[in-house]
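Observations on the three-dimensional arrangement
What follows is each chain in one-letter form.
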Amino acid sequence: MKIIILTLSILFSLNSSFGKEKLRSYKFFKKHALSEKPKYRYNEYEGIISGASALLIGNVGYFTTDSKSMKLTYSLVQTIGFLNIGKGVYDFYRPQVYAEQYKLLRGYKKSSKANTVEYFSHGIIKNIALEDRAKRLSVLYTSSLLAGQYLLNIIGDKLRGDENSQLNNIYYFLAGVNTVAAAYSYFSRSIYEEHYYSVTPVIIPSSKIIGLQASFQF
Amino acid sequence: MVKPNSNFITVSSQNSCSTFKGIAGSVQCNPALFPFMDLATLQFQSIGKAEGDSVDAGRKLIFDPISKEFLESLFSENSLISFNFDSNINFYTNYFLVTYSPYYLIGDVYILNPAFPEISMFLNKQSSLKMTSGYDLSEYTPFEGDIFSVGMSLFRRSREVFAGSILLTDFAQDDDGIVEFEDKSELGTDIGFFYESSSSFLSPKISLQAKNLFTLSKVNNSRLDSSSDLETFLIFEPYSQLGLGSSYLSSFGEIYVGMEFPFDGVFESIYIDYISGSINYSLNSFMGTIGISKYFKTLGLYFTSDLGSVGIIYSNENELAGKNIDHLETQNSIYIQLDIKL
């Protein structure tokens, strides 16, 4: 009898402390998930300003210098400008993972009707899908802009009568690679992205023109 | 001037960056800034003159055998060739930074009198390994919010040096034996201190550094004072620096201002002509620096991304400054820094 009581009391205490732990975890998560702070920012346009300065200096420098080594350097500056634009696109589209997961939990707490497994699966898929989409759009924008920039460099050189076949060959190659990367990232949606947006059509739900929908939705 | 273990910020600010806490690469200005640097695990970096009259000539001087024809062709247009280049591989951890520099090159050549051609040369090929660490001691400052740190570098460098004057006519007898490099290997240490006060919104800062301690390199004063010899200083021999600085953070970006006072030995005599000042502006992935000293003017632009960065430094420099010669030659050059982060 004593043994049974002891076992019961241990079980009870374990159970209750487990319950407290759960509650504490939820409170802890609620407190910290919503305070997920991004890196220090000077102002909200700093990405655009610094990216634009790279593009401005890269282009002005490129089209005013006659030196091959300086042209290569300025085209690296242009590239950095577009890489940062790509990073800005990623930051804009990426999910705030902690906050999204907290919203998921809060939603579950509020509605008791939800089918638990289906509800959480959808939420997790949403996070993965948003992350995949952010990465894909970042590559899409960066690669297509870079391909455009390298072609512009070739055209600009030709207009100035400054045809450097070696440099131009490099730009043709890079423009080609970036075009392929852009095309690939346009079409290659991950299965999570496909699934999430097929269940939740967010952009133009009632559009009859599928092509338009795709072009807006990427 | 590209000193050993240089990068964008050291060259564009003319080394007046010892108080630039948290600015990329400033740990190479002052080891005491180690605790405040951004970590990049592995970084490949090169910086050197990429544009200007001296570039091709300087490279050939260091790597190719020096012949009479080459020297004659060299000075058909310019009487001064000044070339320098540095490359670094940086490995960062939370506790130390290891920098391996496979090449640090200086090629300074000056022809004194075209009618009776005597050529003064300073050539240096060097590889080095350096370990840097530092510690944040802010909790021991008397005032809350002040920042205090110390740092130290230990290095070993192997140099091949030629410093001397040769007559072009000497080449007639023996083409190869005239320029003979002397091998020098040495150990040394740099020590730095940094203090930032939180008493004002301009965050005044001060730094003290002693560089190349315990090395055997010395400046040859007779060559330094002579108007016919080239001699480098504030690079290899023991010297020290006092740095003063300030910074201002606003929503338009962050501005750092710095001044550097170089001394011979450990704060023995000041080099008045080589006091330098700089202003640095940074916003997100862009940085711009202006560096000014009596004989050098620099403007640097730096663009960074997650993968790597590019720095362009436009420079107007007078390498022969301080020499007692009739015409001072000013050169316009462009330095390029490239780095890749892994």
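Residues numbered from 1 in each chain as written. Chains lettered and ligands numbered in written order. Predicted model: local features only at pLDDT ≥ 70, side-chain atom pairs only at ≥ 80, totals over all residues. Heavy atoms only, no water.

**Observations regarding the overall build of chain A**
A tally of helices and strands in chain A yields eight helices and zero strands. Overall, chain A shows an N-to-C arrangement of helices and strands of α-α-α-α-α-α-α-α. Classification of the 218 residues of chain A by burial places 33% in the buried group. Contacts in chain A between residues far apart in sequence, at least 24 positions, make up 77% of those at least 6 positions apart. Of the roughly 14100 Å² that chain A leaves accessible, carbon and sulfur atoms contribute 67%. (Helix = DSSP H or I, 4+ residues; strand = E, 2+ residues; numbered from the N terminus. Buried < 20%, exposed > 50% of the residue type's maximum accessible area, 1.4 Å probe, protein only. Contact = heavy atoms within 4.5 Å. Areas by Shrake-Rupley, 256 points an atom, 1.4 Å probe, with all protein chains shown as cover.)

**What to know about the confidence of the model for chain A**
Looking at chain A, the pLDDT average stands at 79 and 77% of residues meet or exceed 70. Across residues 202–218 of chain A the pLDDT falls below 50, and counting only partners more than four positions away or on other chains, this stretch makes 21 contacts in the model. (pLDDT = per-residue confidence, 0-100.)

**Remarks on the interface of chain B and chain A**
At the interface, 27 residues of chain B touch 21 residues of chain A. In total, about 1800 Å² of surface goes out of reach between chain B and chain A, with carbon and sulfur atoms giving 68% of it. Sorting the residues of chain B by area buried against chain A places Leu-283, Asn-284 and Phe-303 of chain B first, and these three jointly supply 28% of that buried surface. Along the contact surface separating chain B from chain A lie eight residue pairs in polar contact (both at pLDDT 80 or more). (Buried area = accessible area lost by both parts, 1.4 Å probe. Polar contact = N/O pair within 3.5 Å; in protein donor to acceptor, adjacent residues only side chain to side chain.)

**Details of empty space enclosed by the protein**
Residues and elements named next belong to chain B. With the rule as written, the count across this model stands at two cavities of 30 Å³ or more. Taken together, 19 residues form the lining of the largest cavity, with Pro-4, Asn-5, Lys-130, Asp-190 and Lys-211 sitting closest to its centre. Mapped onto the lining of the largest cavity, the elements with two or more residues apiece are strand E4 (118–136), strand E5 (147–167), strand E7 (205–213) and strand E8 (239–250). Element by element, the count of residues in the lining of the largest cavity is highest for E4, at three residues. A per-class count over the lining of the largest cavity returns five nonpolar, nine polar and five charged. Roughly 30 Å³ of internal volume is contained in the second largest cavity. What lines the second largest cavity is simply Val-27, Gln-28, Pro-31, Lys-130, Ser-153, Asp-190, Gln-209 and Lys-211. (1 Å grid on protein atoms, 1.4 Å probe; cavity = no way out; pocket = protein on both sides within 12 Å on 5 of 7 lines; lining within 4 Å. Points joined across faces, edges and corners; volume = space filled by probe spheres on them. Nonpolar A, V, L, I, M, F, W, Y, C, P; charged D, E, K, R; others polar.)

**Describing a nonpolar patch on the surface**
Residues and elements named next belong to chain B. The grouping of Phe-201, Leu-202, Tyr-248, Ile-255, Val-257, Ile-279, Ile-290, Ile-292 and Leu-299 at the surface amounts to a nonpolar patch, some 800 Å² of accessible area in total. Those elements that provide at least two residues to the nonpolar patch are strand E9 (253–264) and strand E12 (286–293). Considering the arrangement of structural elements, one finds Ile-279 in strand E11 (residues 276–283). (Patch = residues over 30% accessible without salt bridge, like charges linked within 9 Å, V, L, I, M, F, W, Y side chains within 5 Å. Salt bridge = Lys/Arg side-chain N within 4 Å of Asp/Glu carboxyl O.)

**Description of the pairing of E9 of chain B**
Residues and elements named next belong to chain B. Bridge count between E8 and E9: 12 bridges; the pairing is antiparallel. For Ser-240, the partnering residue across the bridge sits in E9 and is Phe-263. Taking the residues that link successive antiparallel strands as the turn, the E8-E9 hairpin has two residues. Relative to E11, E9 is paired through seven bridges, and the arrangement is antiparallel. Within E11, the position partnered with Glu-260 by the bridge is Ser-276. Strand direction decides the pairing type here: E9 and strand E10 (residues 269–270), joined by two bridges, are antiparallel. By the bridge assignment for E10, Phe-263 is matched with Ile-270. With antiparallel pairing between neighbouring strands as the criterion, E9 and E10 make up a hairpin whose turn holds four residues, including Gly-265 at a positive phi of roughly 60 degrees. (Pairing = 2+ DSSP bridges.)

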